[in-house]
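# Summary of structural features
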Amino acid sequence: MLNKKDVILACDFPDAASVFSFLDNFKSVRRKPFVKIGMELFYSEGTPMVREIRHRGHPVFLDLKLHDIPNTVRSAMKVLAALDVDMVNVHAAGGSEMMRAAREGLLAGASEGRCPKLIAVTQLTSTSEQMLHDELLIGPDMPSTIISYARNAAASGLDGVVCSPLESSVVHANCPEGFLTVTPGVRFAGADHQDQKRVMTPSDARKAGSDFIVVGRPVTRAADPLAAYERCIAEFLNETLI
Ligand code: C5P
């Protein structure tokens, strides 16, 4: 059972040894952190890694951002559902038919009562307003684009979207009650944004109404990852870990 709100740790590591040594930092934490497995780790270590992290008791978001023709996405989602993860995703840019096919594939592959949450990436948090217009040739502004993609996702039966915390409130205002906002692009106040363009602090993401924040480098590259994770939990959930 997932918490209604949580911090998801993006485990962007190249191999099993690095991810397990990172997760060892959280052995003292009573609730196992929610972990995101992205392309780097999945492409290097594959499904055994997903099973091992599940086996260790971590909720898992498998962030593979599927974007292909509906038939291919349906079949791929059926395979991913069998991994018993908690959350998977597609690109909303793949369209409504593709998103519906993703949901069908998940339902076909999931064990009873254990269907992963299915969410859609609206626009990457590394995409700026200028890139949206000049490179992707999308005319409407960022919030209008995100709202339109989120509405398509909701109408296709998805559970939520990936967006920046800057857009959480407009997504909630324009989508059904309970529709989730999962938001990367999180940085502590005053920290380097790196390649992220649309960012907020964990506490501002909470105020904006994000349901889940996804945090990678601010924790994975911190001198003290446990302290950085505790700070995220404190700012986003108003809780302490101990
Ligand atoms: O290190 P950082 O906190 O920037 O990591 C953000 C994570 O969220 C990365 O794993 C990235 O792939 C993912 N992500 C994102 N923007 C999206 C969707 C996913 O940054 N729109």
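Per the secondary structure count, the protein includes 10 helices and 8 strands. The C-alpha radius of gyration computed for the protein amounts to 17 Å, which stays within 12% of the reference 18 Å derived for 242 residues, consistent with globular compactness. Across its three principal axes, the protein shows a C-alpha extent of roughly 45 × 40 × 30 Å. For the protein, the proportion of contacts with a sequence separation of at least 24, taken over those separated by at least 6, is 68%. Split by element, the accessible area of the protein, about 10,900 Å² in all, is 52% carbon and sulfur.

Next up on the list: the nonpolar core. The biggest cluster of nonpolar side chains holds 66 residues, and the ones touching the most others in it are Leu62, Met77 and Val90. Top contributing element to this core by residue count: helix 10 (residues 225-237), with 7 residues. For valine 90, the contacting residues outside a window of four places in its chain are Lys65, Leu66, Val73, Met77, Met98, Met99, Ala102, Leu118, Ile119, Ala120, Val121 and Leu158.

Tallied over the full model, the rule gives 16 salt bridges. For aspartate 86, the salt bridge is made with arginine 114, and the minimal N-O distance between the two is 3.4 Å. Taken together, the residues span a long stretch of sequence, with aspartate 86 in the loop between helix 3 (70-81) and strand 4 (87-91) and arginine 114 in the loop between helix 4 (96-109) and strand 5 (117-121) at a distance of 28 residues. A relative accessible area of 9% means that aspartate 86 is categorised as buried. A salt bridge links arginine 198 to glutamate 167; its shortest N-O distance comes to 2.7 Å. One end of the pair, arginine 198, is in the loop between strand 7 (180-183) and helix 8 (202-208); the other, glutamate 167, is in the loop between strand 6 (160-162) and helix 7 (168-174), and 31 residues separate them in sequence. Accessibility assignment for this pair places arginine 198 and glutamate 167 in one class, buried. Put simply, Arg54, Asp84, Asp86 and Arg114 are held in one network by salt bridges that share partners.

For glutamate 167, a relative accessible area of 4% puts it in the buried group. Discounting chain neighbours no more than four positions away, the residues touching glutamate 167 are Met142, Ile146 and Arg198.

With that settled, consider the pairing of strand 5. The buried fraction of strand 5 is high, at 4 of 5 residues. One ladder, built from 5 bridges, connects strand 4 with strand 5; its direction is parallel. Across the sheet, histidine 91 pairs through a bridge with valine 121, a residue of strand 5. A crossover links strand 4 with its parallel partner strand 5, the connecting element being helix 4, and its sense is right-handed. As judged from the 3 bridges shared by strand 5 and strand 6, these two strands associate in the parallel manner.

Looking at where serine 156 falls in the secondary structure, it is placed in the loop between helix 6 (142-155) and strand 6. Residue serine 156 is classed as buried on the basis of its relative accessible area, which comes to 7%. Residues in contact with serine 156, not counting those within four places in the same chain, are Ser96, Met99 and Arg100.

In this section: the packing of aromatic side chains. Tallying each qualifying case throughout the model produces 5 aromatic pairs. The interplanar angle of 80° and the centroid separation of 5.3 Å between the aromatic rings of phenylalanine 26 and tyrosine 229 together place this pair among those described as edge-to-face. Linking phenylalanine 26 in the loop between helix 1 (16-23) and strand 2 (34-37) with tyrosine 229 in helix 10, this pair joins segments that are 203 residues apart in sequence. Residue classification places tyrosine 229 among the buried positions, given a relative accessible area of 0%. Put simply, the rings of Phe13, Phe22, Phe26 and Tyr229 touch in pairs and so form one group of aromatic residues. The ring of phenylalanine 20 carries the charged tip of arginine 56 above its face, separated from the ring centre by 3.9 Å.

Before going further, it helps to spend a moment on the site of the ligand. With respect to spatial proximity, 18 residues lie near the ligand, and among them Asp12, Lys36, Thr125, Arg187 and Arg217 are the closest. Here an oxygen atom of the ligand and a side-chain polar atom of lysine 36 are 2.7 Å apart. In the environment of the ligand, a nitrogen atom lies 2.7 Å from a nitrogen or oxygen atom belonging to the side chain of threonine 125. Across the complex, the protein chains shield 88% of the 470 Å² of accessible surface that the ligand would expose by itself. Contributing elements (two or more residues each) for the shell around the ligand: strand 3 (60-66), strand 8 (212-215) and helix 9 (217-220).

Quick notes on the rules
Residues numbered from 1 in each chain as written. Predicted model: local features only at pLDDT ≥ 70, side-chain atom pairs only at ≥ 80, totals over all residues. Heavy atoms only, no water. Helix = DSSP H or I, 4+ residues; strand = E, 2+ residues; numbered from the N terminus. Rg over C-alpha atoms; globule rule 2.2 N^0.38 Å. Contact = heavy atoms within 4.5 Å. Areas by Shrake-Rupley, 256 points an atom, 1.4 Å probe, with all protein chains shown as cover. Core = buried A, V, L, I, M, F, W, Y, C linked by side-chain atoms within 4.5 Å. Buried < 20%, exposed > 50% of the residue type's maximum accessible area, 1.4 Å probe, protein only. Salt bridge = Lys/Arg side-chain N within 4 Å of Asp/Glu carboxyl O. Pairing = 2+ DSSP bridges. Right-handed = clockwise from strand over helix to strand, strands pointing away. Phe/Tyr/Trp six-rings, centres within 6.5 Å; stacked < 30°, edge-to-face > 60°. Lys NZ or Arg CZ within 6 Å of the ring centre and 35° of its normal. Near = heavy atom within 4 Å. Polar contact = N/O pair within 3.5 Å; in protein donor to acceptor, adjacent residues only side chain to side chain.

In short, shape yes, function no, at least from these values alone.
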